[in-house]
Structure formats: structure tokens, C-alpha cells
Amino acid sequence: MDKLHWSFPDGNISDHIERRRLDSIKGTNRNLQFHSSLVQRLALEKEMEGHLGCVNAIAWNSKGSLLISGSDDTKINIWNYTDKKLRHSIDSGHSTNIFCTRFVPETSDEVVVSGAGDAEVRVFNLSRVRPRVQEVAPVPAALYRCHTRRVKKLAVEVGNPNIVWSASEDGTFRQHDFRECSSCPPAGSTTQECRNILIDLRSGAKKSLAAFPRQCLSLKSCDISPTRPHQILVGGSDAFARLYDRRMLPPLSSCRTTAKPPPYVNYFCPVHLAEPRKSSLHLTHVAFSPNGDEVLLSYSGEHVYLMDVTSDSGKNAMRYSTGDIQKCLYVPPFPAVPYQPSSWPSISVKPSTKYSSQKLEVRKKLVQFATKCLDNLSDYSSDYLYGIDACNEVLDGKGPDIGSSLRHDCLCIRAALLLKRKWKNDAYVAIRDCNSARLLDASSFRAHFHMAEALLQLGRLKDAMLYANASSNLVPSISDARKKLDALKESIATAEAQKGRRLHEDGTSNGVNRARIRSISDVLLAASNMSGPSSQREEEEEEEEEEEEEEENEYFSDYDNEMELDFDASVSGEDTGENEIDSRVVRGSLSVLLHRGSGNSGKDESVANVSSSDDSLSQPEVAVDMKQRYVGHCNVGTDIKQASFLGQRGEFIASGSDDGKWFIWEKQTGRLVKMLAGDEAVVNCIQAHPSDCAVATSGIDNTIKIWTPIAGAASRVAGGAAGPETSDVLKAMQVNQRQLSHSREIMLPLELLERIRMHEFTESLECTQT
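The structure reproduced in this document is the subject of the present report.

Cut-off values and rules
- Residues numbered from 1 in each chain as written.
- Predicted model: local features only at pLDDT ≥ 70, side-chain atom pairs only at ≥ 80, totals over all residues.
- Heavy atoms only, no water.
- Helix = DSSP H or I, 4+ residues; strand = E, 2+ residues; numbered from the N terminus.
- Buried < 20%, exposed > 50% of the residue type's maximum accessible area, 1.4 Å probe, protein only.
- Contact = heavy atoms within 4.5 Å.
- Areas by Shrake-Rupley, 256 points an atom, 1.4 Å probe, with all protein chains shown as cover.
- Core = buried A, V, L, I, M, F, W, Y, C linked by side-chain atoms within 4.5 Å.
- Disulfide = S-S within 2.5 Å.
- Expected span 1.5 Å × (residues − 1).
- Pairing = 2+ DSSP bridges.
- Axes fitted to C-alpha atoms, helices over the stretch in contact; angles between N-to-C directions.
- Phe/Tyr/Trp six-rings, centres within 6.5 Å; stacked < 30°, edge-to-face > 60°.
- Lys NZ or Arg CZ within 6 Å of the ring centre and 35° of its normal.
- Parallel < 35°, antiparallel > 145°, perpendicular 65-115°, else oblique.
- Left-handed = near helix turned anticlockwise from the far one by under 90°.
- Nonpolar A, V, L, I, M, F, W, Y, C, P; charged D, E, K, R; others polar.
- Polar contact = N/O pair within 3.5 Å; in protein donor to acceptor, adjacent residues only side chain to side chain.
- Salt bridge = Lys/Arg side-chain N within 4 Å of Asp/Glu carboxyl O.

Another aspect to go through is the overall build of the protein chain. Summing up its helical and strand segments, the protein chain has 16 helices and 34 strands in all. Taken over 770 residues, the protein chain has a buried fraction of 54%. The long-range fraction of contacts in the protein chain, counting pairs at least 24 apart against all pairs at least 6 apart in sequence, stands at 65%. As displayed, the protein chain has an accessible area near 33,500 Å², and 49% of this comes from carbon and sulfur atoms.

With that out of the way, let us pick up the nonpolar core. Grouped together as the largest cluster of nonpolar side chains are 95 residues, with contacts concentrated most on Phe 173, Phe 268, Tyr 299 and Tyr 320. Residue contacts for Tyr 320: discarding those within four places in its chain leaves Leu 209, Cys 269, Pro 270, Val 271, Ala 274, Ile 325, Cys 328, Glu 621, Val 622, Ala 623, Val 624 and Asp 625. By size, the runner-up hydrophobic cluster in this structure holds 19 residues, among which are Leu 296, Val 631, Ile 653 and Val 717.

Attention now moves to the state of the cysteines. Per the stated rule, a full pass over the model turns up 0 disulfides. For the unlinked cysteine Cys 194, the closest cysteine sulfur is that of Cys 184, found at 3.0 Å. By relative accessible area, Cys 194 is classed as buried at 2%. Unpaired in terms of disulfides, Cys 255 finds its nearest cysteine sulfur in Cys 194, a separation of 6.7 Å.

We now examine helix α8 (residues 426-440). Taking 1.5 Å of rise per residue, 15 residues should cover 21 Å, and α8 covers 21 Å from first to last C-alpha, within 8% of that figure. Within α8, 11 of the 15 residues are buried, leaving the element largely enclosed by the surrounding structure. The inward-facing, buried residues of α8 abut α4 (325-329), α7 (404-421), α9 (445-457), α10 (461-472) and β26 (628-630).

This paragraph deals with the sheet that holds strand β10 (residues 151-155). If you trace the 4 strands from one edge of the open sheet to the other, you get β10-β11-β12-β14, paired in antiparallel fashion. The strands lining the two open edges of the sheet, one partner per strand, are β10 and β14 (197-200). Going from strand to strand, the sheet's axes swing by 20° on average, the running direction of each strand aside. Bridge count between strand β11 (residues 163-168) and strand β12 (residues 172-177): 5 bridges; the pairing is antiparallel. Its bridge partner being in β12, Ile 163 is matched across the sheet by Asp 177.

Take unusual backbone geometry next. Positive phi values are uncommon outside glycine, yet Glu 106 reaches one of about 55°. Residue placement: Glu 106 occurs in the loop between β6 (98-103) and β7 (111-116). At Asn 425, a residue that is not glycine, the phi angle is positive and equals roughly 65°. Relative to the elements of secondary structure, Asn 425 occurs in the loop between α7 and α8. For Asn 425, a relative accessible area of 12% translates into the label buried.

Turning our attention to the packing of aromatic side chains. With the rule as written, the count across this model stands at 8 aromatic pairs. The interplanar angle of 5° and the centroid separation of 4.1 Å between the aromatic rings of Tyr 264 and Tyr 267 together place this pair among those described as stacked. Across this residue pair, the class does not change: Tyr 264 and Tyr 267 are buried. Within the aromatic cluster, the residues linked to one another by ring pairs are Phe 240, Tyr 264 and Tyr 267. The ring of Tyr 81 carries Lys 84 above its face, with NZ or CZ at 4.6 Å from the centroid. We note Lys 152 situated over the ring of Phe 99; from NZ or CZ to the ring centre the distance is 5.0 Å.

It is worth spelling out the sheet that holds strand β28 (residues 652-656) at this point. If you trace the 4 strands from one edge of the open sheet to the other, you get β27-β28-β29-β30, paired in antiparallel fashion. In this open sheet, the two strands that pair with only one neighbour each are β27 (643-646) and β30 (672-677). Going across the sheet, the axis of each strand differs from the next one's by a mean of 20°, ignoring polarity. Where β27 meets β28, 4 bridges bridge the pair, whose relative direction is antiparallel. When the bridges of β28 are listed, Ser 644 appears paired with Ala 654.

The description of two helices packed together rests on the angle between their axes and the distance between the axes. As a packed pair, α7 and α9 sit with axes 10 Å apart at the nearest point and diverge in direction by 25°. Judged on the interaxial angle alone, α9 and α7 are roughly parallel. Helix-helix and strand crossings are classified by hand; for α7 and α9 the assignment is left-handed. Contacts between α7 and α9 involve His 408, Asp 409, Cys 412, Ile 413, Ala 415, Ala 416 and Leu 419 from the first element and Arg 446, Ala 447, His 450, Glu 453, Ala 454 and Gln 457 from the second. Each residue belonging to the contact of α7 with α9 can be placed in one class, and the counts come to 7 nonpolar, 3 polar and 3 charged.

Next up on the list: the environment of His 272. Residue position: His 272 is located in the loop between β18 (266-268) and β19 (282-288). His 272 sits 157 residues away from Val 429 along the chain, and the two C-alpha atoms are 8.7 Å apart. Polar side-chain contacts of His 272 include one of 3.2 Å to the side chain of Tyr 305.

Take the pairing of β27 next. Every second residue of β27 is oriented toward a common face, with Ala 643 and Phe 645 on one face and Ser 644 and Leu 646 on the other, all of them buried. Adjacent in sequence and paired antiparallel, β27 and β28 are bridged by 5 residues, among which Gly 647 carries a positive phi angle near 90°.

Take the pattern of salt bridges next. Applying the stated criterion across every chain, the model contains 34 salt bridges. We note a salt bridge from Glu 393 to Arg 671, for which the minimum N-O separation is 3.7 Å. On the criterion of sequence distance, the pair formed by Glu 393 in helix α6 (residues 380-396) and Arg 671 in the loop between β29 (661-666) and β30 is long-range, its members being 278 residues apart. Here Glu 393 and Arg 671 have matching classes, each one buried. As a salt-bridge pair, Arg 671 and Glu 666 come within 3.3 Å of each other at their nearest N and O atoms. In this structure, Arg 671 and Glu 666 share a single accessibility class: buried. Through salt bridges with shared partners, one network takes in Arg 150, Lys 152, Glu 169, Lys 220 and Asp 639.

Quick look at the structure:
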């Protein structure tokens, strides 16, 4: 079918340039930096070679004249932006992979800092390093060895040359003040005595919003607000990003101190991910927007989400509590009433200007286009994608008020398109749209009908039937809609019958173990449990079975055995559905970390044990819900994958992907703008230049790539090449979604699992090859 094209809200770039020439309007350069016409022309300008391993970290200096990078080869490289050449190569002295590097502000770019898998933070003064080649490893200006697990992220404050913060998988966020000491721990002392813990989350991980934090939160990422430097954002091994106010935190503490998690300002988590039994979910990256008003969260096995720092700063922002989760996801259906056509209040939308009138007409055409996409089944994938994009533009884009009637129609159409597409968590987003549509029209048949469809997809069969029955009173007895409703009821009844048969078969299995494995931990630790489970474990298994029967489509991964699987590679091949195991061949290197939950290793410090009597002392659990979602990429293989704001205004969102590509979306609408091939395996890091329209990316390859708008034509694919670009984009997105749908059921070669399972280990096993 014919495709509908619409413009971006940032206007014509020629008009911006002309206004800058005539009026010198302040902020024009910021508007031009990542203008939509430039973003769509991004292409590879330079591939910089200088590392011998995966490049896990890149960062610009404040002026954008230098780029710093850290790699598996344990080297820190400094690059010139102008000529894209290597300026310094420092042998860091780290014994394992470097995960983070930064320039320290206000030091004339002479001081750099790095963090690595050896749990060390190292500081170097470039004035003491010979240019280009360093034959002998330089002595670090400061060396901090107080962490006990991998250092995954570093943070610096604009204008502060004295302090660096580090986030580690040991559950601590530490503050390193160069003025106080240049080594930690001091000579003759132990890591237990280092008093530099600013945020202690060794007992901070939560299985759900309502759960009390007990386990260690392995920190994966952190950021400091560029406009409010007292605000600190951290994310790790659960679904919740946490915002802290440095002014409200307790004094720095040591590892000897046993304390509850400090008071937070906000939790950030999409409401559908805050439910219980989502404990396997974790964050790989968190970031503030350039103005500090928004935060970006990237999840492993999930999508990228945008949220407001303050819940009242945007029309879509929402704070919810533990008691609101079910209300947000499920609102009881409208009471049964005889059918009567929906009567809309007489709302007259009168555009104030001719321009507004034109914009309103465009939105009406977009809704008509989305309706055609829903009705047209000949080109399944592209029609649904374009239809959802059209609805996003109408509902989330800039423009005049569209009125309640058109908004209701668009919400119902988008819900139907999402349910047809069936990408990960599309059903939850459809539920949100249905609830919003029902607020506009409480007797809307389409809103109730699509809600029943969504609940059916989620396996909530009783709730689905309630909505289907409520829909019966909102539609004529003889109509096409009645036929669709009858077919839906039949599908729900069939699903209930199949579920009953499965429960009956499970009940008569006489103790035969289920074929499905609850978690890989059960496989890996099976050898140590051969003597038989304890009665307590049997009771836990019985409780888990009851929970599974209530909701079969979700899996519970127990926190008793901490487990990480870091694939520093992509999954090659396409999922054809014929042989999923054979098609998911791991290419590249593999890093596996296993830790028994029954005790700490010799290097780990003691973790605070919070008794159940402290539950009543916890804060009221409130979180901020998403206001936009970005889909199409795949984040499963690595736990350092970034999602970033592009430009000084942050009008576009970018993320790496396991398929070797990186994706750019329009921030406000979530529409995919660009997809570029950035790596042979996985793109992990994306950093926008501070002032130019340029982006640096890195990943599994040992090179760094610089992207600028040099393509001759605008397109959704790299280089502005002519041809069937849309099919390539859709194909890549579909493959990524299939990978995401299997992300929590990680498949490894059976012989590797058997070797790990048979390996005799007491406390921990680390297997790393890069």
C-alpha cells in the first residue's frame, strides 16, 4: 500500500540557517546540531584503529577535541577529533578488561581515569605520558583498590576536578577525592577500612516494587545530572533505576558499616516491569538528558524507556505506588448496560491559525492511514510498523489539540496494531491505550474488545472473559463486530480448556519433574544438590509451582543463586523457527560469572543482613512510569550496552544492538529514524559529540567508528543508499524481537553447561576469554 510521509517537528534546516544569519537567534546552533535532515544522512566517516581487543568505553572531552577509549587490551587511547589520529596510548596496568574511562573536568584534559574488571580505579596524568607510544607502563597518579568486584561505570561532575565516582558490581557507589588520598586502601590497611562509600546497595536489590530490598544490587551504570550535580542516578541488577540527592545522603562509610539502603528521591521503572517475578530483569545503562529533566533506561532483554525526573514535568508522566500496579494494568470493565451508540460531547476543535488547521488535517490523514494499515493484511509487517508510527505522531507529536473523538479512535487503532504485531510487551502498551480510551469513552466497544485481546495474550483468561462479556452489551446483536467478539470468546474458552488439561496432566504426573527448567542456576548447581532438596526447598518449589499455574507465561528466577551471563558477542544467524538451538550460535568471546548465594568469597565484604522486623521502616514504595518506549534493537548479549541522548537538546535517542547495528529514534514519538551497521558483532557504546553532528560508536570490534552527515541522500539505512531500505530495517527489527522474546531463556551449548555443572567449585567460578 502507499506509504505516508510526514515531516519532523524541527522545521526546515535552511530556515534555521537563514534566521541565524539575519537575527543571530540564541540557541540556533543547538537546534542545528542534530537536525533531523542531518541525522538521516549520518554515515561512516572514519574507522580508527589502535586497540587489540573489544572497545568497551568511549567518552569525549568537554570541547569535543579529544576522544578517550578503553579496551579489553587494557590500554587507554586518546584520539584527536580533527584528524581522527591516535595521540596517546597508555598501558593502564589493569589486569583485566577496561569497562569505563573519562576525562576529569577542569584539568586541561591532562587527567584521565579508568575502571576495570580487576575492581581497580586508576588515575593518570597525561603530562607525564610520552606521546603516541608508551614503552613502559606509567605509574598512576592515583590508585583505588577498595572495590571488590568489577568497576562498570565512572561519573564526573562538570566543573569539579577533584572528585570521581565509581559504580561497581559489589553494590557500592564510591567517592574518590584526589585531595584526600592518592591510594585506597592506605598502606597497611584493608579494603574494609576505606571510608568512601557514598551509596551502599549491598542489600538494595528488589524483586518487585513491593518487595523489601535484601540482596546485593550489582551496579552496572551511573550518571550525574549535568544541570543539578547533586542528583545521582544509578542502575544495576534489578528493574529499578534510583535517583539520589547527594545532599540528603548519610556521611561516607566503610565496608565494616552495616546499613540499610539510603533514602532515594525517585524510583524509575515502567509499571509493567515492576510486577513480582521479574527478578531476572536488569539495567545495562542509565543516563540524564542534557537539561537534566529526563532519564533514559536501557534494559537487558527489554527495550529502552524514557521517563521524567519529576512526575509533573510532562503530560504523560505518572507516579505509581505498589498498590497502583494492578490498577494501571487492569481497570475493571464497564458495568453491563444495554447497547447504545457512543455519544461524544460536542467538542469543537478550532485551530487558531491556518498553520494549526493544516497540522490538524495532517493528523486526521495519519489516523486514516493507520486504519488502512490495520485493515490491510497483505504486507503484514510494514503496514503495522507504519501504522504504529502514524499513531505515535498523532498522539505524542507536536501539534494542535486533536479532540477527544479523534484521540479515542487513534488509541484504539494503536492498541489493535500492537496486538497484531506481538512484539515484546506490546500487549502491556495496548492495555495502557485501552485504559486511556475508556477514560474518554466509558462505553467504547473497541477499547473493551482490545483489552480482552491483550489479556488473552498475557494469559489472564478470567479477566479477558470479563472484558469480552462486558463488550457483548456494547455492540449490536447482528454485526461484524459481534462475529469478531464471538470468535474472541471462543478463543478464550479454548485457552481455558487447554490450561485445565495441562494442570490436570501436571497433577497426575506423580512427581515427574517438569520438562521446563525454571532457571539455568538449577542446571549449573544440580550436581551440588544430588543428595536431595531440603524440606524448605521443597516448600519453595511448591509455592513456585502454584505461582506458575496462576500465570504461565512468566518465569521466576530466584535470587538465591546469583548468575550472570555476559556474551561479548552477537548471536549469528536468523531464527527461522525450525531449529532455535542450532540457529542461536554464539560468535565471538564469552564471559561467564557465577556466584553462589550461600556465602561470600574471600574478597567480598560482609553484606548487611536486614531482618524482617525492619520491613515496616522502609520508605513508601513509589516509582515513575515511562512516557516513551523505543523498540527495534536487541540488548541481550552484553551488560555494558548504552542508550544515549543525541545533541545538546537531546531530541533523538540512540542505542547499540546485538546484531551489530545501532538505532536512532525520535525522542518525542519513538519513531525509528535511522539504522546503521556499526560492528561485525555487537555495538555497545554510543557517544554524541558535544557540539558537532558527529557520533562515536564502539563494540566487539577493536576499532572506533566516527559517524557524520556525509551521505548524499536521507534514508533509514546507512549511507543514504537507494533501494528497498524499509524491508532491511523491518527484517532486522523482527530478528531482534525474536531474540528478545527468548532472552530470559538463555541457551548455551549443552556440552558447555555440562562442563560447568560438573566443575567442582565451592564459592565462585569465573570463566573469561576475550
